[in-house]
Amino acid sequence: MTHDVAVSGAKEIAGRVLAPAAAQNDKTGRFSTEAVESLGKSGLLGLTLPTELGGSGLGPRTFAAVTTALAEADASVAMVYLMHVLGTAAIRAARSGAALAVAPTLREIAAGRHLSTLAFSEAGSRSHFWTPISRARRNGGSVRITAQKSFVTSAGYAHSYIVSSLAPDGTGPTDSTLYLIPAATHGLSVAGPWDGLGLRANASAPVVLENCEVPSHFQLTEDGGGFEAMLNVVLPLFNLGTAAVALGLCRAAVAGTTAHLKSARFEHLGQSLGESLPTLRAQLAGMQIDTEGLAARIDDLIGHLEKPRETTMLRVLETKAAAGDIAIRVTSTAMRICGGAAFAKHMNIERLFRDAHAGAVMAPTGDVLREFIARALLGMPLF
Ligand SMILES: Cc1cc2nc3c(=O)[nH]c(=O)nc-3n(C[C@H](O)[C@H](O)[C@H](O)COP(=O)(O)OP(=O)(O)OC[C@H]3O[C@@H](n4cnc5c(N)ncnc54)[C@H](O)[C@@H]3O)c2cc1C
């Protein structure tokens, strides 16, 4: 599969499967299994895996474009896809002692039959996902994990979870290890419903692990190596992916607002809203400037990820922080421009507005990113 084929495939699925169902799935909080099935059949679930494993061997540029195309139609599905790609990256980066054992899972992903996700956040450490409260306990050659994971995207629908837990002998608060835990593992269960303000159709429910036995060949990182994997493998792609979701939301907001300004009319004036009110035109222009500014920022980050350099980590932090703010600003402006029609839910703008608020909340949150950026500039330690 080439970049262009992947992106047109994503657009086709977005138009045929996601867009017609997005409003109803949002209303009822229904996870779209049809969307995941379509993504699997089209080869997009294995997008980033190497061709030797049956994947397409494509990089961050295609991942971002595919995620944006999905988010334009349904940000919930785009977030499911994003978390799957991150889970896949964590499995793919497995230490040599686990490489053989995880190979069948990677082949299932490439074949489009396996959905993965991340279960990092815990109720106890909240958005500080890099400091799990749970600790794995040794049990002969395996470990046992008891943990309260919160906000796990695709909970109950994923075939595997990438779970963080403090290493059995770790001494510091970030000495975690990552494990691959199949959904069918005894002791793993979804512990509640997902009824969020936004991203309502992505099943971000709590997951409980009760004495889950994990064999050593499903230990993805060395003991205590989880933090490094979170930082180097997961964070760059997560921040890029959430920015790509934000861009999709902004583009959908610009398109929806433009269509409204053209079609809604002041019949007594014989003009459309767009023809009649310069203030609405100016606000629409602001939305467009913000949206394409975000696209340029994402492009810059992709360049940094393709050719890493000294400023790469700063760009990783900045892009998600900026994207969260921009998505909220653009969708808020869309709410104001579209007025009663948006408020009364006659159009998709209020869903975009609610979905946009998740980006800033998802860890590392916008506040934490700003704290890290300033600390980096001041030469202070980040953790
Ligand atoms: C839709 C959705 C999907 C998610 N999916 C996943 C998933 O798949 N896997 C996963 O592991 N997690 C996931 N999460 C969890 C997410 O990453 C956060 O861990 C979670 O939202 C906890 O947030 P909190 O507001 O409870 O955090 P809190 O830590 O209580 O934060 C509260 C406020 O304090 C601020 N704050 C916290 N620390 C600092 C600091 N050091 N400096 C400045 N401000 C700070 C925050 O920005 C926030 O405004 C998801 C969350 C959402 C909303």
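Check the entry above for the structure.
Residues numbered from 1 in each chain as written. Predicted model: local features only at pLDDT ≥ 70, side-chain atom pairs only at ≥ 80, totals over all residues. Heavy atoms only, no water.

Draft legend 1. Representation of the overall build of the protein chain in the model. The number of helices and strands found in the protein chain is eleven helices and nine strands. The C-alpha radius of gyration of the protein chain comes to 21 Å, within 12% of the 21 Å expected for a compact globule of 383 residues. By principal-axis analysis of the C-alpha atoms, the protein chain measures approximately 80 × 50 × 40 Å. Relative to its full complement of 383 residues, the protein chain shows a buried share of 57%. Pairs at least 24 residues apart make up 73% of the contacts formed inside the protein chain by residues separated by at least 6 positions. Put simply, the protein chain shows about 16,100 Å² of open surface, and 57% of that area lies on carbon and sulfur atoms. Here the protein chain holds 33 positive side-chain charges and 32 negative ones, and the gap between their average locations is 2 Å. (Helix = DSSP H or I, 4+ residues; strand = E, 2+ residues; numbered from the N terminus. Rg over C-alpha atoms; globule rule 2.2 N^0.38 Å. Buried < 20%, exposed > 50% of the residue type's maximum accessible area, 1.4 Å probe, protein only. Contact = heavy atoms within 4.5 Å. Areas by Shrake-Rupley, 256 points an atom, 1.4 Å probe, with all protein chains shown as cover. Lys, Arg positive; Asp, Glu negative; His and termini not counted. Charge placed at Lys NZ, Arg CZ, Asp CG, Glu CD.)

Draft legend 2. A nonpolar patch on the surface, seen in detail. A cluster of nonpolar residues, Leu377, Leu378 and Met380, forms a patch on the protein surface that exposes about 340 Å² of accessible area. Locating Met380 in the fold gives a position in the segment after helix 11 (366-377). Classification of Met380 as partly exposed rests on a relative accessible area of 38%. (Patch = residues over 30% accessible without salt bridge, like charges linked within 9 Å, V, L, I, M, F, W, Y side chains within 5 Å. Salt bridge = Lys/Arg side-chain N within 4 Å of Asp/Glu carboxyl O.)

Draft legend 3. Spatial organisation of the pairing of strand 5 (residues 176-182). Most of strand 5 is tucked away, with six of its seven residues classed as buried. Taken together, the seven bridges between strand 4 (residues 160-166) and strand 5 define a ladder with antiparallel strand orientation. In the sheet register, Ser160 faces strand 5, and the bridge partner there is Pro182. (Pairing = 2+ DSSP bridges.)

Draft legend 4. How the structure looks around the site of the ligand. Of all residues adjacent to the ligand, which total 20 residues, the nearest are Arg126, Ser127, Phe151, Thr365 and Asp367. Between Phe120 and the ligand, the recorded distance is 2.9 Å, taken from a backbone N or O atom to an oxygen atom. One of the side-chain N or O atoms of Asp367 is found 2.7 Å from an oxygen atom in the ligand. Notes on the ligand: free accessible area 980 Å², of which the protein chains cover 73%. Within the residue set of the shell around the ligand, elements represented by two or more residues are strand 1 (116-119), strand 3 (142-152) and helix 11. (Near = heavy atom within 4 Å. Polar contact = N/O pair within 3.5 Å; in protein donor to acceptor, adjacent residues only side chain to side chain.)

Draft legend 5. Local environment of the sheet that holds strand 7 (residues 205-214). Strands sit in the order 2-3-7-6 across an open sheet of four strands; the sheet is antiparallel. If you trace the sheet from one side to the other, it starts and ends with strand 2 (137-139) and strand 6 (188-190), each paired once. Averaged over all neighbouring strand pairs, the angle between strand axes comes to 15°, with direction disregarded. Of the pairings in the sheet, the one linking strand 3 to strand 7 comprises seven bridges and is antiparallel in character. Following the sheet pairing, Lys149 is matched in strand 7 by Val207. (Axes fitted to C-alpha atoms, helices over the stretch in contact; angles between N-to-C directions.)

Draft legend 6. Spatial organisation of the pattern of salt bridges. All told, the structure shown has 20 salt bridges when counted by the stated rule. Among the salt bridges present, the one from Asp169 reaches Arg138, with a minimum N-O distance of 2.8 Å. Remark: Arg138 occurs in strand 2 and Asp169 occurs in the loop between strand 4 and strand 5; sequence separation between them is 31 residues. Glu350 is the partner of Arg354 in a salt bridge, and the nearest nitrogen-oxygen pair spans 2.8 Å. With Arg354 and Glu350 both in helix 10 (residues 349-361) and four residues apart, the pair spans about one turn of that helix. We note that Arg354, like Glu350, is buried.

Draft legend 7. Just the packing of helix 6 (residues 226-263) against helix 9 (residues 312-343), in detail. Here helix 6 crosses helix 9 at 20°, and the two axes come no closer than 8 Å. For the element pair helix 6 / helix 9, the angle class is roughly parallel. Like other packed secondary-structure pairs, helix 6 and helix 9 cross with a definite hand, here left-handed. Of the residues contributing to the contact of helix 6 with helix 9, the split by class is 21 nonpolar, six polar and one charged. (Parallel < 35°, antiparallel > 145°, perpendicular 65-115°, else oblique. Left-handed = near helix turned anticlockwise from the far one by under 90°. Nonpolar A, V, L, I, M, F, W, Y, C, P; charged D, E, K, R; others polar.)

Draft legend 8. Local environment of the environment of Thr331. With respect to the element layout, Thr331 can be found in helix 9. C-alpha of Thr331 to C-alpha of Arg297: the two residues are 34 residues apart in sequence and 18 Å apart in space. Not counting residues up to four positions away in its chain, the partners in contact with Thr331 are Leu249, Ala253, Ile349, Leu352, Phe353 and Ala356. Looking at Thr331, its side chain comes within polar contact range of the main-chain oxygen of Ile328, at 3.3 Å.

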